[in-house]
Amino acid sequence: MLTLTDMTFGSAMPIPITQPWQRHRFWPWLASRHDKQNRAIEGYSRRSICGILVALQDRREQRMLRIIGAALIMLALPSAAQARAPHSCSSASLQGGFGSTLKGVLVAGGAVAAVSYVNFDGKGGFSAVGSSSSNGTLSVDTKVEGKYRLDADCTGHIASQTASTSLIFPSGYFVFASEAGEIRLVTDDRSVIANLTAKRQFKDARRAPCTDADLHGSFISSGEGPIIGSGAFAAAGIIHFDGKGGLSVDRTLNFNGTMLPNKKVNARYKLGPDCHGMLQYASEAEFSPQAATTYDTFVLADDGREVRIFSANPGRVLTVSALKQSD
């Protein structure tokens, strides 16, 4: 006797099938249920397989994208050898006008300072003109000539050929930053221990000579140094150049520990063709009682955005740096 499990209620009770017509009665229903189950299982399997294949495909694509991205980054970056390659210099790399400032001390005691204009010819020679103070003893508008050597690693040596005025642009070892147009030098003089900094005046060496009109706008400034026999001096403030030979200064001073706020003074200036000039203003009695008029020399640098100033007065060893604030 054939039996059939009751699929409707999930019962395990056998259902007798004794007649052929009973087989025909139950078989279509049973076949239909069986087909539905098979189709469901087949559909689930297909979906699972498709899902797995899609996931695998996505992973392959993601892996390929990562590989391509890494390759593009490596191509875009310079090689390690290129990154480590130093910038190459030669004597020809150093040419044109520079504004320089020197600060230091004498081995025997005392302070030194100088500001100058220097021109390099790109062939190993230079000439300079400037003013210096050696513990209060002045040298004004003094000219110096010499030779220089600049090696491939952008280090070199300067040999001044005018020993008596070596503070203007002294002999020493230096490094050169060609992109920034800056020089850093340490003197090799046994009697003077000093550093010199110089900044390229203009990127365009073919520009027209300077006139008073090239110096205009407001500059923030600061300076310091000793006044021999009187004490120490420091100041910070704003200098305004009118582009016509006139200027005004508004600054706060510290003189021997005494604060002097809002000290104002007017002056005149004259700028020479080499962008090196002179300031002239009425004396401030507390600093220069022996002189009715005091003077500063100065030089332009960094396309007119920087002014380097030297106090050209007996007994002073003062320098001032001024950076352009606005027009």
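Residues numbered from 1 in each chain as written. Predicted model: local features only at pLDDT ≥ 70, side-chain atom pairs only at ≥ 80, totals over all residues. Heavy atoms only, no water.

A.B. asks: Help me out: how do you make sense of the packing of aromatic side chains in this one?
C.D. replies: To describe a pair of aromatic rings, you give the distance between the ring centres and the angle between the ring planes. With the rule as written, the count across this model stands at 8 aromatic pairs. Their ring planes at 90° and their centres at 5.5 Å tell us that phenylalanine 98 and phenylalanine 120 sit as a pair that is edge-to-face. You can see phenylalanine 98 sitting in strand β3 (residues 95–106) and its partner phenylalanine 120 sitting in strand β4 (residues 111–121), a full 22 residues away along the chain. Grouping residues by exposure puts phenylalanine 98 and phenylalanine 120 together as buried. Arranged with centres 5.5 Å apart and planes meeting at 90°, the rings of phenylalanine 219 and phenylalanine 241 form a pair that is edge-to-face. Pair noted here: phenylalanine 219 is in strand β11 (residues 216–227) and phenylalanine 241 is in strand β12 (residues 231–242), with a separation of 22 residues, a long-range link. Grouping residues by exposure puts phenylalanine 219 and phenylalanine 241 together as buried. Among the aromatic residues, those joined into a cluster by ring pairs are Phe98, Phe120, Phe126, Tyr148, Phe169 and Phe176. (Phe/Tyr/Trp six-rings, centres within 6.5 Å; stacked < 30°, edge-to-face > 60°. Helix = DSSP H or I, 4+ residues; strand = E, 2+ residues; numbered from the N terminus. Buried < 20%, exposed > 50% of the residue type's maximum accessible area, 1.4 Å probe, protein only.)

A.B. asks: What should I look at first to understand the state of the cysteines in this one?
C.D. replies: By definition, a disulfide is the covalent link that joins the sulfur atoms of two cysteine residues. Within the structure shown, the criterion is met by 2 disulfides. Between the sulfur atoms of cysteine 89 and its disulfide partner cysteine 154 the distance amounts to 1.9 Å. Residues cysteine 89 and cysteine 154 are joined through a disulfide that is right-handed, its torsion about the S-S bond being 80°. Of this pair, cysteine 89 sits in the loop between α2 (80–84) and β3 while cysteine 154 sits in the loop between β6 (137–150) and β7 (155–160), placing them 65 residues apart in sequence. The same class applies to cysteine 89 as to cysteine 154, namely buried. (Disulfide = S-S within 2.5 Å.)

A.B. asks: What's the story with unusual backbone geometry in this structure? I'm lost.
C.D. replies: Keep in mind that most residues, glycine aside, have a negative phi and that most peptide bonds are trans. Phi angles above zero are rare outside glycine, and cysteine 275 is one such case at about 65°. For cysteine 275, a relative accessible area of 3% puts it in the buried group. Look at aspartate 303: it is not a glycine, yet its phi comes out positive at around 55°. Relative to the helices and strands, aspartate 303 is located in the loop between β16 (293–301) and β17 (306–311).

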